[in-house]
Amino acid sequence: MKRVFSQQCEELVIKVVQRFEHSTSAIMSSPVSSEQTKTKRPSSSKFRQQQLPAWQPILTAGTVLPTFFVIGVAFIPVGIALLTFSGNVQEVVKEYTQCNSIDPAHNNATCDEVLSSPNHTAATPCTCHINFNVTESLNGRVYMYYGLTNFYQNHRRYVKSRDVNQLMGQTDSALSDCSPFATADKKPIAPCGAIANSLFNDTFELKMLSSAGAELAVPLVRTGIAWPSDKKYKFENPPGPLTADGAFKNTAKPVNWKRAVYELDPAHPENNGYENEDLIVWMRTAALPTFRKLWARVNESAETFKHSLPAGEYRIVVSYAYPVTSFGGTKRIILSTTSLLGGKNPFLGVAYIVVGCICLVLGVAFLIIHVKYGKRGTDTITNRTDWSGH
Amino acid sequence: MAAQGADGVTPPAGAAAAGSAVAAALLERSHPPAGRTVSHNPTSPERRGHVRSASQGTQLPGPSILKGPERAGTARRGHARAFSHGGVGLEGLDEVTRAGSKTEFTLPPGHEARERSGRGSTARQRHGSRPDSLFRGHSRQASRSESVYTLRQTQQTSSLFDCLCFWRKKTLEEARVRVVVPNHTVPPDTPAKQHPNAAFANNYVRTTKYTVLSFLPKNLFEQFHRFANLYFLFIVLLNWVPEISAFGREVAMLPLVFVMGVTAIKDLFEDRRRYLSDRRVNTSTCRVYDRDSGHYVQRLWRDVRVGDLVHLSCDELIPADLLLLHCSDSQDVCYIDTCNLDGETNLKQRRVVRGLEGKHETFHASKFFGTVECNTPTTKLYRFHGSVIHQRSQQRVPITSDNLMLREGVLKNTDYVEGIVVYAGHETKALLNNGGPRYKRSKLERQMNMEVIYCVIILLLLCFTGATGSGLWLGGFSDTVPFFPYSYNSLNPPLEGFITFWTFVIILQVMIPVSLYVTLEIIKLMQVYHIHNDLELYDSGTNKRTECRALNITEELGQVQYLFSDKTGTLTENKMVFRQCTIGGIDYSHDAVMEGTGKFEKPSFVLNRRLQDELSHMDIQLSVVNHTGELLFTPHAARVRDFFLLMACCNTVVVAKHPHKDKLSSSGTTLLEDSADESSQTIQSQTLATTPEEAPLETSDAPDFVRTPKKWRRKLAIGKTDWLSLPLSLPRKTSRSNTPTPRELRPIFEAESPDEMALVEAAYKYNVKLLRRTNTHMVVSLPAEGLVEFEILNVLPFDSDRKRMSVILRHVATQQIVLYTKGADSNMLPLVETATDYQSQEILYRTQQQLNVSSRRGLRVLVLAKKNLSEEEYQDWLTAHREAESLVGGREHKLQRSYAAMENRLELLGCTGIEDRLQEGVPETLCALREAGIVVWVLTGDKQETAINIAYSCRLFSQDMEVIKINARSKNAAERTVNFYLDQLERERAEVAGAGGGGGGGGWKRRPPTPASLWSTDTASTVERGGKKALVVDGKTLTYFLDSRSQLQIPFLRLTGHCSAVLCCRTTPLQKAYIVRIVKNQLGALTLAVGDGANDVSMIQTADVGVGISGQEGMQAVMASDFALARFRYLQRLLLVHGHWCYDRLARMVLYFLYKNATFVFVIFWYQLYCGFSGAVMIDQIYLSLFNLMFTSLPPFAIGIYDQDCPAELLMAQPHLYNQGRLSQVYKPHSFWVNMADALYQSIVIFFFAAQAYEDTSVDIWEFGTTVTVMCLVTMLLHACIEIKSWTWIHAAAIVLSLVFFFVFALVYNAVCLAFPSLAGSYWVIQMATTDSPTLYLAAVLAGVTAVLPRLVTRSLQHTFRPSPVARAMLRRRRAEESHPMEVLSTVPWSSSTSLSSVSVVRTSEYSGVGERLEQNGMPSVA
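Residues numbered from 1 in each chain as written. Chains lettered and ligands numbered in written order. Predicted model: local features only at pLDDT ≥ 70, side-chain atom pairs only at ≥ 80, totals over all residues. Heavy atoms only, no water.

K.L.:
Explain the overall build of chain A to me, please; I cannot follow it from the model alone.
P.N.:
The number of helices and strands found in chain A is ten helices and 13 strands. Considering only contacts in chain A between residues 6 or more positions apart, those separated by 24 or more positions represent 78%. Approximately 19000 Å² of chain A is accessible, and the part contributed by carbon and sulfur atoms is 57%. (Helix = DSSP H or I, 4+ residues; strand = E, 2+ residues; numbered from the N terminus. Contact = heavy atoms within 4.5 Å. Areas by Shrake-Rupley, 256 points an atom, 1.4 Å probe, with all protein chains shown as cover.)

K.L.:
Explanation requested: the overall build of chain B in the structure shown.
P.N.:
Of regular secondary structure, chain B possesses 51 helices and 37 strands. Residue burial in chain B is summarised as follows: out of 1423 residues, 60% are buried. Partitioning the intrachain contacts of chain B with sequence separation of at least 6 by distance along the chain shows that 75% fall at a separation of at least 24. Roughly 55100 Å² of accessible area belongs to chain B as shown, and the carbon and sulfur atoms make up 57% of that amount. (Buried < 20%, exposed > 50% of the residue type's maximum accessible area, 1.4 Å probe, protein only.)

K.L.:
How do you make sense of the sheet that holds strand β11 (residues 404–405) of chain B when you look at a structure like this?
P.N.:
Where strands meet in a sheet, backbone hydrogen bonds hold them as pairs that are either parallel or antiparallel. Strands sit in the order β3-β2-β4-β13-β5-β11 (chain B) across an open sheet of six strands; the sheet is antiparallel. Each edge of the sheet is formed by a strand with only one pairing partner; in this case those strands are β3 (295–300) and β11 of chain B. (Pairing = 2+ DSSP bridges.)

K.L.:
What exactly am I supposed to notice about the pattern of salt bridges here?
P.N.:
Pairs can form between side chains of opposite charge once their charged atoms are near each other. Tallying each qualifying case throughout the model produces 49 salt bridges over all chains. The salt bridge involving Glu842(B) is made with Arg846(B); its shortest N-O contact spans 3.1 Å. Taken together, the positions of Glu842(B) and Arg846(B), both in helix α25 (residues 838–856) and four residues apart, correspond to about one turn of that helix. Looking at Arg846(B), the relative accessible area reads 37%, which means it is partly exposed. One network of salt bridges, in which partners are shared, links Glu91(A), Arg292(A), Arg332(A) and Asp1256(B). (Salt bridge = Lys/Arg side-chain N within 4 Å of Asp/Glu carboxyl O.)

K.L.:
Looking at this structure, how should I read the pairing of strand β29 (residues 859–869) of chain B?
P.N.:
Put simply, side chains in a regular strand alternate between the two faces of the sheet. All names here are of chain B. Among the eleven residues that make up β29, ten are buried, leaving the element largely enclosed by the rest of the structure. Bridge analysis of strand β28 (residues 817–823) against β29 gives seven bridges, and the strand direction is antiparallel. In the strand pairing of β29, Thr 821 is matched with Ala 865.

K.L.:
What is the right way to read unusual backbone geometry from this model?
P.N.:
Trans is the prevailing form of peptide bonds, just as negative phi is the prevailing case for residues other than glycine. The amide bond that connects Ser179(A) to the next residue, Pro180(A), takes the cis arrangement and shows omega of 5 degrees. Within the secondary structure layout, Pro180(A) lies in the loop between α6 (164–167) and β5 (183–184). Of note, the bond from Ala190(A) into Pro191(A) is cis; its omega dihedral lies within 30 degrees of zero at -15 degrees. Relative to the assigned elements, Pro191(A) resides in the loop between β6 (187–188) and α7 (194–197). Positive phi values are uncommon outside glycine, yet Gln815(B) reaches one of about 65 degrees. For Gln815(B), the location among the structural elements is in the loop between β27 (804–811) and β28. Taking relative accessible area as the criterion, Gln815(B) reaches 43% and is therefore assigned partly exposed.

K.L.:
When you look at the interface of chain A and chain B in this model, what are you seeing that I'm missing?
P.N.:
When the parts of a complex come together, some accessible area is lost, and that lost area is often used as the size of the interface. Across the boundary between the two partners, chain A contributes 104 residues, which contact 117 residues of chain B. In total, chain A and chain B occlude about 10100 Å² of area from one another, counting both sides; carbon and sulfur atoms represent 64% of this. Run the count over chain A and chain B and you get five salt bridges. Asp1256(B) serves as the salt-bridge partner of Arg292(A), at 3.1 Å between the closest nitrogen and oxygen. Inspection of the chain A/chain B interface yields 32 residue pairs in polar contact (both at pLDDT 80 or more). At the level of elements, α1 (2–28), α3 (61–88), α5 (156–160), α6, α8 (228–234), β10 (291–298) and α10 (347–383) of chain A are the ones that each hand at least two residues to the side of chain A that touches chain B. Here the side of chain A that touches chain B gets 16 residues from one element, more than from any other, and that element is α10(A). For the side of chain A that touches chain B, the class distribution of residues is 56 nonpolar, 28 polar and 20 charged. (Buried area = accessible area lost by both parts, 1.4 Å probe. Polar contact = N/O pair within 3.5 Å; in protein donor to acceptor, adjacent residues only side chain to side chain. Nonpolar A, V, L, I, M, F, W, Y, C, P; charged D, E, K, R; others polar.)

K.L.:
Looking at this model, I keep getting lost on the nonpolar core. Mind explaining?
P.N.:
Grouped together as the largest cluster of nonpolar side chains are 154 residues, with contacts concentrated most on Leu508(B), Tyr1167(B) and Phe1264(B). Top contributing element to this core by residue count: helix α38 (residues 1130–1168) of chain B, with 19 residues. With sequence-adjacent residues up to four places away left out, Tyr1167(B) is seen in contact with Asn154(A), Ala287(A), Leu288(A), Ala1176(B), Val1177(B), Met1178(B), Phe1247(B), Ile1261(B) and Phe1264(B). Core analysis: the next-biggest nonpolar cluster, separate from the first, contains 76 residues, Val92(A), Cys128(A), Val261(A) and Phe305(A) among them. (Core = buried A, V, L, I, M, F, W, Y, C linked by side-chain atoms within 4.5 Å.)

K.L.:
How should I be thinking about the confidence of the model for chain A in this particular structure?
P.N.:
When pLDDT is low, close inspection of the predicted coordinates is not appropriate. Residues and elements named next belong to chain A. Of the residues in chain A, 86% reach a pLDDT of 70 or more, and the chain-wide mean stands at 84. A low-confidence stretch, residues 23–37 (pLDDT under 50), is modelled with nine contacts involving residues beyond four sequence positions or located in other chains. Contacts of residues 377–390 to residues separated by more than four positions or lying in other chains number 22 contacts, the stretch itself having pLDDT below 50. (pLDDT = per-residue confidence, 0-100.)

K.L.:
For this particular structure, what's the right way to read the sheet that holds β27(B)?
P.N.:
All names here are of chain B. Spatial ordering of the open sheet is given by β17-β16-β30-β29-β28-β27-β26-β25-β24, a layout of nine strands whose pairing is antiparallel. Since the sheet does not close on itself, it has two edges, and those belong to β17 (586–589) and β24 (769–773), each with one partner. With strand direction ignored, the average angle separating the axes of adjacent strands in the sheet is 30 degrees. Strand direction decides the pairing type here: β29 and strand β30 (residues 907–918), joined by eight bridges, are antiparallel. (Axes fitted to C-alpha atoms, helices over the stretch in contact; angles between N-to-C directions.)

K.L.:
Explain α25(B) here, please?
P.N.:
Residues spaced three or four apart along an α-helix point in a common direction, a consequence of the helix completing one turn every 3.6 residues. Residue and element names in this part refer to chain B. Compared with an ideal rise of 1.5 Å per residue, which puts 19 residues at 27 Å, α25 spans 27 Å between its outermost C-alpha atoms and is within 8% of the ideal. Those residues of α25 that sit buried are Ile 843, Thr 847, Gln 850, Leu 851, Ser 854 and Ser 855. Projected down its long axis, α25 shows its buried positions confined to an angular sector of 130 degrees, all on one face. Opposite the packed face of α25, turned more than 90 degrees from it, sit the exposed residues Tyr 838 and Arg 856. Of the residues one or two after α25, Gly 858 is the one with positive phi, at around 85 degrees. (Expected span 1.5 Å × (residues − 1). Arc of directions from axis to C-beta.)

K.L.:
Could you clarify how one ought to interpret the packing of helix α15 (residues 443–475) of chain B against helix α17 (residues 514–532) of chain B in this entry?
P.N.:
Residues and elements named next belong to chain B. Contact pair α15 / α17: the axes reach a minimum separation of 13 Å and the direction vectors enclose 165 degrees. If you check the angle between α15 and α17, you find them roughly antiparallel. Crossing of α15 against α17: the hand is right-handed. Residues Glu 445, Met 448, Asn 449 and Val 452 of α15 pack against Leu 516, Tyr 517, Leu 520 and Lys 524 of α17. Its residues assigned to classes, the contact of α15 with α17 comprises five nonpolar, one polar and two charged. (Parallel < 35°, antiparallel > 145°, perpendicular 65-115°, else oblique. Left-handed = near helix turned anticlockwise from the far one by under 90°.)

K.L.:
Could you clarify how one ought to interpret helix α23 (residues 754–765) of chain B in this entry?
P.N.:
The terminal C-alpha atoms of α23(B) lie 16 Å apart, and with twelve residues this matches the ideal 16 Å at 1.5 Å per residue to within 8%. Listed in full, the buried residues belonging to α23(B) are Asp755(B), Glu756(B), Ala758(B), Leu759(B), Val760(B), Ala762(B), Ala763(B), Tyr764(B) and Lys765(B).

K.L.:
What should I look at first to understand a nonpolar patch on the surface in this one?
P.N.:
All names here are of chain B. Together, Leu 1194, Val 1296, Leu 1297, Val 1300, Val 1304, Val 1308, Val 1312 and Phe 1316 make up an exposed nonpolar region whose accessible area comes to about 660 Å². Top contributing element to the nonpolar patch by residue count: helix α45 (residues 1289–1312), with six residues. As for its position among the elements, Val 1308 is in helix α45. Given the relative accessible area of 49%, Val 1308 is considered partly exposed. (Patch = residues over 30% accessible without salt bridge, like charges linked within 9 Å, V, L, I, M, F, W, Y side chains within 5 Å.)

K.L.:
For this particular structure, what's the right way to read the packing of helix α12 (residues 249–282) of chain B against helix α39 (residues 1181–1191) of chain B?
P.N.:
Any two packed helices are characterised by the angle at which their axes cross and by the distance between the axes. Residues and elements named next belong to chain B. Where α12 contacts α39, the axes come no closer than 8 Å and their chain directions differ by 15 degrees. The angle between α12 and α39 falls in the class roughly parallel. α39 is crossed by α12, and the crossing has right-handed handedness. Listed contacts from α39 to Val 251, Leu 254, Pro 255, Phe 258 and Val 259 of α12 are Gln 1181, Ile 1182, Ser 1185, Leu 1186, Leu 1189 and Met 1190. For the contact of α12 with α39, the residue count by class is nine nonpolar, two polar and no charged.

K.L.:
Looking at this model, I keep getting lost on the environment of Gly910(B). Mind explaining?
P.N.:
Residues and elements named next belong to chain B. Looking at where Gly 910 falls in the secondary structure, it is placed in strand β30. Relative accessible area serves as the criterion here: at 0%, Gly 910 is assigned to the buried category. Remark: the alpha-carbon pair of Gly 910 and Thr 847, spanning 63 residues in sequence, is separated by 6.4 Å. Beyond its immediate chain neighbours, meaning those up to four positions away, Gly 910 contacts Thr 582, Ile 583, Gly 584, Phe 643, Thr 847, Leu 862, Val 863 and Leu 864.

K.L.:
What should I look at first to understand the packing of aromatic side chains in this one?
P.N.:
The geometry of an aromatic ring pair comes down to the distance between the two centres and the angle between the two planes. The full count for this structure, using the stated rule, is 73 aromatic pairs over all chains. Ring geometry for Phe151(A) and Trp282(A): centres 5.5 Å apart, planes at 65 degrees, overall edge-to-face. Taken as a pair, Phe151(A) in the loop between β4 (143–148) and α5 and Trp282(A) in helix α9 (residues 277–283) lie far apart in primary sequence, 131 residues in all. By relative accessible area, Phe151(A) is classed as buried at 1%. Overall, the relative accessible area of 0% leaves Trp282(A) in the buried class. Measuring from ring centre to ring centre gives 5.0 Å for Tyr210(B) and Phe215(B), while their planes differ by 85 degrees; the resulting arrangement is edge-to-face. The ring of Trp295(A) has Arg222(A) sitting right over it, with the charged end atom 3.7 Å from the ring centre. (Phe/Tyr/Trp six-rings, centres within 6.5 Å; stacked < 30°, edge-to-face > 60°. Lys NZ or Arg CZ within 6 Å of the ring centre and 35° of its normal.)

This is the structure in structure tokens:
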């Protein structure tokens, strides 16, 4: 009985398979019907007979050398262009890891030392000044980045330590990936995870110093620094007002944070919560341990800074709160214009030129080889009768 | 045996009487011959006693007797003894079977006949008896026929399902005896479960691996047997550990699911092929007796049940193992052809069960009420015994394998038979012997597996480095890592290292190219598809394509180093044509012509005018009157007459008057009963009545036209229409033309060997017609004397020692007794009476001359002789002969002496020459294969002279070769000969080497003569240097060489290494397999065996690649083969073109695949330098999983299936290009490392270019990963572009589509991935990366070009300075095309040149044909 049943099942399946095969074979090969009739003569289609029109290049010095010339000729201009682009980017980089506290109470100690001193409280950030001279005005839109080195944002454990659902506004997320930064005081941390916990929290003010010693605050725009897609879809606040009792009810702030997530940007009420752009930028983990992240851009609408950051003396007032020496890192502040390629990076341009040159040299070498040996190579073949292939 | 009926014990009418009764009966009957077995068996007295008691115990009711294991054992022992002497007591049969077994299976002394049946052996062990003594007799007998299968490794199927079903089998096994009740005797309302035959398997056959229900579990089970899949599974599980996990759990499963899914679909389609063939078999029809309708009805094979009565017609396949109950033959015998089973091509006789004999007209299926008892199914083809209990008489009649017709056999020479099914379906001997398909692993794959192991080592190295780095990185921190989430409190670098190690295993898993296996399988499937579809491998004559039965060894075709070929049917057509005869020293030659048209075309010959005249005027020559007043012929005329008479008589040809017809139609209705009988009788009487006057000899162009009287025609017309009206739905494979024409009125000859057929037919053409033949008499029509009847006194059958056969005939009219003998010249000529008179000497001399001439022409020669015997002489001999026959001990020896006593002092008549026509294109093919560097061995069962002749005619040997023959008759002689030749050749070679070295050749070094170096790289060149040698070895000598104990294997192989061609003659099928095996094992060479007959099966299965020629000798070779060709000459294209391509493609594909994976892994590894060795992956996990499976999967397919490094016609025209594959030049051991180095370089370029380009930027990890992925993709595609040698739209599409597919996929995926939280990282990344800045494109182009630059440079330099032979040939062609475009276009590929190469044609053209063609192509011909 069982056997009969399985036989029937088999036949059913075979029928289905056959139908399927028939339809597929109809696509693959038209003369199926002729096969089913008596003759088994294969179709003479070029595809089946493996006789499709083909181009069979043989890579010899002679055939390859045009390629080299073409590559060389194409790459060198591209390289030069890239180098020019990169060279046009103006950049001011100031490392401030060891900047001195301006607070007289700190006795001219570095902010780093102040931070690591035992009687330091988180509530009072250390402030320091970075003074620098911009000799040439930075033309175009000027961006302000902070840069870190030796910070492994790409570490496997670190990268994983976030909860996408929570950041998209779901309050009931399990936060399983965030451990050990998932809960504090039995309340879920918002936002949870190591990335959020390590949010960069130095703040900067850029001031232009007039010769008279007066300070002119450079207007900075702190929004629009994150990817629009991130801001729009990937990060969303939970429903409710951005208060302790509203959207973030029953949550704890990350252990390293001084302020809760809904208080990140007191100046702009809508730039708070998960949608805070600093947070979003920070959450987009860097690929390499030396990285920079956009902090602000100079507001071009201000009259003085239209289209450029004029040359002159500047000061950046740093509210120094982020410790980096514990992991051997450094902090930088960068003012930079952009080009087609982004920041200042001559690598691609140089590489293009080098590779282009190599190709040209190879092309010349191959030309010589071809002229000298190309013909002889085939002549030896003509005279050669030993075909045994050894 | 006459006492048979009398001593049948009549047991009580127990429904299922015990088999031991049978045993007892047999034992008692066979006690004298059992002596031998007993003497070997010290424990026999008590055992015997035991058996006796058992036999007495038959009074005990029921089968309970058999339950005790001991009893069962002894009972079986009884059988074994009884059967140890084959046909004990069946004198009549004995001769026939002996004569039949022409194939001599000489086992090398070291060989022991293995018992195949696993079940049998376990049973034996359980019984605790001594297996040797128990089964000795039987296994000896069985080994002869089963040896064909001995080499085949029985795969003990250990599948789960077998285990589950084990208990059931066991219970069946315990029964030990099966009782079969005819189904029509069982009351129709019996419930299915209580049906006496219900326990037996039905005739439904399933060779598929899976059923619908078992597919999923079984396939999964099988797939997880593979290392690669287990590895994958391990990784999936590893990823479930949260600490280690690198990917989302679902994503990690993706590759596994994908690979296994594809494999499962592939398996399903493969299995479907088997299913279809099963269905074809299962739905064949046969006629089964139906009780309800009272006659036979047509039924499907699968519906045949044990206990059914089956009716079979001539040439029908036997559907199940049948016990013969009734047969149309008056002698109650029928013939079956068991070629499909044991490979023996001779017909075997089967007898009707005793007690039913002679019931010709009275037998009716419904009247058969007997019960059959027999042993349970075994694999042993000739082990069958039991008894039939006739219901009425309660008589118990023993049955043996003589009564059993085996499934897959073909009924021959019998109109119809009826039998009862005793074993059906999977319990038939044919299916029990049917080993499943073997899994062959190709050389390339073996090498590849080695590289995979290297990959594992590299992987482990990377993981260890990563783990160490991770620990060190962590150790660099004092007590905590700020901001970093560690689940443990204090830093623990070793623990972190350990965890990271496993993470590395997961992220670097791609290093193990798991998808490579499934890619390989699909590629091979497609390659097979293209081979199958090759128009030039299609034979329109037989309407057959080349069939690839093995799907996974296509590339082996491109690496063949040794080719072993069968001769008959493979090189030759096995169509014998009578070409020459010498009578009394006068030579008559015949030209070959083709007769018939189209499909029925067959070679024939033109009658020799002179001989025809002599024969037709024989009555005129009947002039001399001797002293008794009788008319006598002139001496020459007498010789001519005797010569032809001998041709007609001295054979084992069976004569049938009419095509065997059955009075039963396929649907089971009786048809034609009267007319068929009547017409055949009429023909018979007419023929007998025809006197010479009535049928005068025709000397016209159609001499064999027989006038047909009107009456005949009328009869014939009836017969014809009726015949045609028969439904032809039966599996009538070998049925002859079923439209009888007047011409076919001549008797139908059915011969065991085509030689005999050729002789008889030749005689018939000369009007010496064998008309009728029974066991005792024959009727021959002679031109001068008309119908003459002879009494056949004795037949001295052919055997391979005497190499001759004789008949002793008595002329019924004159009572004259004559011995006619024909045989091999070497054995016959010494027996010819020493000539005294000049004339006889002259005749002997001339005949010998002619023999030499014929031999040189490649004809098979036979010497014909006669001897007149006086009555007394004959009677004296007969008494001695009878004595010898009845002897028990030393019978064989005595018989041989008796034969020798008769066959002496013969009178030489003449000799015949039969041509075994070469197949079309054989010499060209062999020549091309040899030129391709393949060492060709021909292994034949034929005799040395014939074999050498064929070797010359097929250009295996050329005239300038020195032929070394080794015929040793002892081990010492063999050793001496081999060492002598070896010394000589090695000295010669050393001399040549010295000369070559002095002459500045330089390249050739003398190697230490280790076996491995024999073939190593340059078999061809070493052979060429020392002058060409050819080696001929005969079967006996081979026995010494092949014996592993004789230490001669290696010297022998070394000797063959010096020879460019080897010919082994008189080999047995098993020896063929042994030769292949030692070459395979000792030399490690890749072997290909090609054959057409069942005797080649073992060789085909032993070789790495087995090729079957679907010729005349059944399908057995084809079934065992990996590739089935319609013609031998297709081998050239199969190897030189498809083999070359497949090897080249696969080799490059595998290397590319390994490179591709390694590059990807290295790139990920470099990233670890930048992420604290944490095991982070910048590439999105989906990309990572799909990169190999999807994004870069098309180029390997394009290379693996469609790339051609060289066009087909060039490969055909220049066979030496095959060296590339033969010497494994594409995939060398270092190729892997070269590719790894390239991968390393490319990964460095890719990663560090990306790292530099994004140095100190705000790039995030996923955008960086996306760029790196694109860079990898571009690099790998550019790499593929360099690897592709022949660009078609497929290749271009593969490259473009890969790129397009990636971007489309990435764009879509990046847009929707937010829906899956675990994959959200990549949201909108590619959109940003591709639009925000051009860095991605710039970096990809730069990295791609830089990465492939070294490969491009080296490749082109290589082609410029040291091009490979293939590249050189291509370049030459390119140049030729440029200078003379027309000439090249007109180049004709070889395969299209058709040469009907009969021997003479070939010999005149010799090498010149090749040379010409080469020159046409602008090639210098090979000197």
